[in-house]
Amino acid sequence: MPINWRTDYGIRLMYELVLIGEGNRATVRQLAETSQVPYDYARTIVRDLVVGGLLTSRRGVGGGVMLARSAAQISVLDVFRALKEPASLALCTDVGGACTRSTTCPMHQVFWRDLDDLIEGHLGSADFGSLAETGLRLKAH
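**Q** How should I be thinking about the pairing of strand β1 (residues 55-58) in this particular structure?
**A** For a regular strand, side chains alternate in direction, first toward one face of the sheet and then toward the other. Pairing of β1 with strand β2 (residues 64-67), which is carried by 4 bridges, proceeds in the antiparallel orientation. Counterpart to Leu55 in the pairing with β2 is Leu67. Hairpin remark: β1 followed by β2, antiparallel, with 5 residues in the connecting loop; positive phi at Gly60, about 90°.

**Q** Mind showing me how you'd approach the pattern of salt bridges here?
**A** Any two side chains of opposite charge can pair if their charged atoms end up close together. Per the stated rule, a full pass over the model turns up 6 salt bridges. Arg47 is paired through a salt bridge with Asp48; the nearest N and O atoms lie 3.5 Å apart. Between Asp78 and Arg69 there is a salt bridge whose closest N-O contact spans 3.3 Å. Each of Arg6, Arg47 and Asp48 takes part in salt bridges that share partners, so that together they form one network.

**Q** When you look at unusual backbone geometry in this model, what are you seeing that I'm missing?
**A** Most peptide bonds are trans, and most residues other than glycine sit at a negative phi. Not every positive phi belongs to a glycine, and Gln36 is a case in point at roughly 60°. Inspection of the secondary structure puts Gln36 in the loop between α2 (28-35) and α3 (39-51). You will see that Lys84, though not glycine, has its phi angle at about 60°, which is positive. Tracing the backbone through its elements, the reader meets Lys84 in the loop between α4 (76-82) and α5 (91-94).

Here is what the cut-offs are and how they apply
- Residues numbered from 1 in each chain as written.
- Predicted model: local features only at pLDDT ≥ 70, side-chain atom pairs only at ≥ 80, totals over all residues.
- Heavy atoms only, no water.
- Pairing = 2+ DSSP bridges.
- Helix = DSSP H or I, 4+ residues; strand = E, 2+ residues; numbered from the N terminus.
- Salt bridge = Lys/Arg side-chain N within 4 Å of Asp/Glu carboxyl O.

Listed below in C-alpha cells is the structure:
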C-alpha cells in the first residue's frame, strides 16, 4: 500500500519543524509554507500530531507548535502511529477481518507479517534528528 498524502505531509511538517531547531516554535502557517503542504490540511495534521504526543501547542502571542521531545527521540514510525496510518503493504495484515483465510494462510502468517515487521523496524529506526543531519549534509554538497 502506498503511503497516503496525509502521512507524507505529516512527515514533511515534522521534518521542517526539526530544521527550525529544538526548543523553537513555529506557526502552522510557517510549517505549511516551508513544507509545501496546504494550510487547512496542515492544521488537521498538526492537531493529530499534538494529540499523538509528538508536538506541543501554545496559542496566542509567541504561540505555535514545537517538538514534544528531542528530534532523536521521534521516529517516522511515530508519525505513522500518530496519524493512524498502518505501516503495512498487505490489506490482510493491515485491516482486521479483511481476509477470511488469515489464520491458515502462510502468506498472511509468515510472509506479510515478516515484511510488516521489517517495515516497522526501518520506520522506527529513522529518527528525525538523524534525518535532519543527513538533509543538511545533502544541502551542503
